[in-house]
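# Examination of the molecular architecture
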Amino acid sequence: MIRSAAVVGTGLIGTSVALALGRRGVVVHLIDQNESAVRTAASLGAGTVGAPPDTVDLAVLAVPPAQVGPALAAHQARGLARAYTDVASVKAQPERGVAASGADAGAFIGGHPMAGRERSGPLAACATLFEGRSWVLTPTSLTSRDTLNMALMMVALCGAVPVVMDSGAHDLAVARVSHTPHVVSSLLAARLLHLNQDASRLAGQGLRDMVRIAGGDLRLWTDILESNAPAVAEVLAELGEDLQVTVAALRGLSTGDPDERARSTSLLADMLGRGITGRDRIPGKHGHPVPACTPVRVLIGDQPGELARLLVNAADLGVNIEDMTIDHSPGQESGLVELMVAHSRAHSMAQSLTAAGWSVQRLRQPAAAPDPVAV
């Protein structure tokens, strides 16, 4: 069992780990050169400030990827813990750093919790941040069984789901599912720099969803991209090829050549279709495939308790809500709540909510089958 732990680095992830372990009865010690950050984390109940008097069971190195190796060697020399792990979002570079540092690699296992927020620092931390999320562990041939078991216990205490991977495979995977999306989000958000105020008011929830992650910590993401540059560059190169084809297809639609227009339309349909297929590869709740859903859109006022009242009414209907988004109306004290529910329940739910006094947008009817052609 993990009875004691040390967390080195009290940013968002480190403090969240400390909070998660602390609520499960683990005695946590907080170590950070940033005096303000470590005291803030302690004030949130994440643990006590300073190195422990005795060797702890596990140390979590919540430091940038390039610092994992030196930090491991330094804390091992002080006898901080029996086992060590990190939480860096790339794994090959820290693995190389550990080997170069001369540290005991048998007492270390790489780790990466697949969770985060747009905000950084201890004040953004949350004890439930990792619940139900994947937590990658990257043992090497040198990693001891005791170290692996200690990391698995930590993941369980944080409520996460362990996923064991090779460090190289991990870095290629996160380049596709995390790092490249952040770059694309930032590039798209940068297109808005010269948007005037009137035009910006046209932005809807789709754009907000696309640029949400562009608000991440600048220094953190610079370090992440530098650490996983080859893998991210490879994915962006693939995306660039698709963009070139898409741009050519869009320009082809403005020509007077019917054959060119037909070819361009086919290319655009192929791009959109591949996007739909790729999106469907993302697991839904509990790791299951995303079910086919219909959005039920409800207009609500921006008053305390309105959203809660809507959800209570929806719960009374016995309809399971698969997902939910809120689109705030610019300049108005109202918002549009989109409840994603099974196709078979959408119409009855919309009717019931309307009867309860809610303003529900009319559902789109499925397209009718074409009439048979007489021969």
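None of the values given here were measured: they were computed from a predicted structure.

On to the sheet that holds strand β5 (residues 81-86). In sheet architecture, strand pairing relies on hydrogen bonds along the backbone and comes in two forms, parallel and antiparallel. With mixed pairing, 8 strands are arranged side by side in an open sheet as β3-β2-β1-β4-β5-β6-β7-β8. The open sheet has two free edges, formed respectively by β3 (48-49) and β8 (161-164), since each of these has just one partner strand. Pairing analysis gives 4 bridges linking strand β7 (residues 134-138) to β8, with the strands arranged parallel. Among the inter-strand pairings, V136 is bridged to a residue of β8, identified as V163.

Moving on, we come to the environment of D223. Inspection of the secondary structure assignment puts D223 in helix α9 (residues 218-227). Residues D223 and P64 lie 159 residues apart in sequence; the distance between their C-alpha atoms is 7.2 Å. Dropping the residues within four chain positions of it, D223 is found in contact with P64 and P65.

Below, the discussion takes up the side chain of T180. Relative to the assigned elements, T180 resides in helix α6 (residues 167-190). Note on T180: relative accessible area 4%, which makes it buried. Side-chain polar atoms of T180 contact the backbone oxygen of A175, separated by 2.6 Å. Those residues in contact with T180 that lie beyond four places of it in its chain are A175, V232, V235 and L236.

Right, let's get into the nonpolar core. Membership of the largest hydrophobic core comes to 37 residues, with the highest contact counts inside it found for V17, L21, L30, F130, W135 and M154. Counting only elements with at least two residues in this core, the list comes to β1 (4-8), α1 (12-22), β2 (27-31), α2 (35-43), β4 (56-61), β7 and α5 (145-157). Top element by residues in this core is α1. It accounts for 7 residues. Those residues in contact with F130, other than ones at most four positions away along the chain, are I13, S16, V17, P113, A115, W135, C158, G159 and A160. Listed in part, the 18 residues of the second largest apolar core include A59, V63, A71 and A105.

For the rest of this paragraph, the subject is the packing of aromatic side chains. Tallying each qualifying case throughout the model produces 1 aromatic pair. When the ring of F130 is compared with that of W135, the centres are 5.0 Å apart and the planes differ by 55 degrees; the resulting orientation is tilted. Judged on exposure class, the residue F130 and its partner W135 are both buried.

The next point concerns the confidence of the model for the protein. Mean pLDDT for the protein: 89, with 93% of residues reaching 70 or above. Here residues 366-375 scores under 50 on pLDDT; set against residues more than four positions off or in separate chains, the count is 0 contacts.

Turning next to the pattern of salt bridges. This model, assessed by the stated rule, comprises 11 salt bridges. In this structure, the salt-bridge partner of R274 is D270, at a minimum N-O distance of 3.1 Å. Here the residue R274 and the residue D270 both occupy positions in helix α11 (residues 258-279), the gap between them amounting to 4 residues, near one helical turn. For R274, a relative accessible area of 43% corresponds to the partly exposed category. In this structure, a network of salt bridges that share partners links the residues D242, D270 and R274.

Across the 5 residues that make up β1, a large majority, 5, are buried. Neither face of β1 is left uncovered, since the one carrying S4, A6 and V8 and the one carrying A5 and V7 both have all their residues buried. Note that β1 and β2 share 5 bridges and pair parallel. Across the sheet, S4 pairs through a bridge with V27, a residue of β2. The parallel pair β1 and β2, bridged by α1, forms a crossover whose chirality is right-handed. Relative to β4, β1 is paired through 4 bridges, and the arrangement is parallel. Note that in β4 the partner of V7 across the bridge is V60.

Reading guide: rules and limits
Residues numbered from 1 in each chain as written. Predicted model: local features only at pLDDT ≥ 70, side-chain atom pairs only at ≥ 80, totals over all residues. Heavy atoms only, no water. Pairing = 2+ DSSP bridges. Helix = DSSP H or I, 4+ residues; strand = E, 2+ residues; numbered from the N terminus. Contact = heavy atoms within 4.5 Å. Buried < 20%, exposed > 50% of the residue type's maximum accessible area, 1.4 Å probe, protein only. Polar contact = N/O pair within 3.5 Å; in protein donor to acceptor, adjacent residues only side chain to side chain. Core = buried A, V, L, I, M, F, W, Y, C linked by side-chain atoms within 4.5 Å. Phe/Tyr/Trp six-rings, centres within 6.5 Å; stacked < 30°, edge-to-face > 60°. pLDDT = per-residue confidence, 0-100. Salt bridge = Lys/Arg side-chain N within 4 Å of Asp/Glu carboxyl O. Right-handed = clockwise from strand over helix to strand, strands pointing away.

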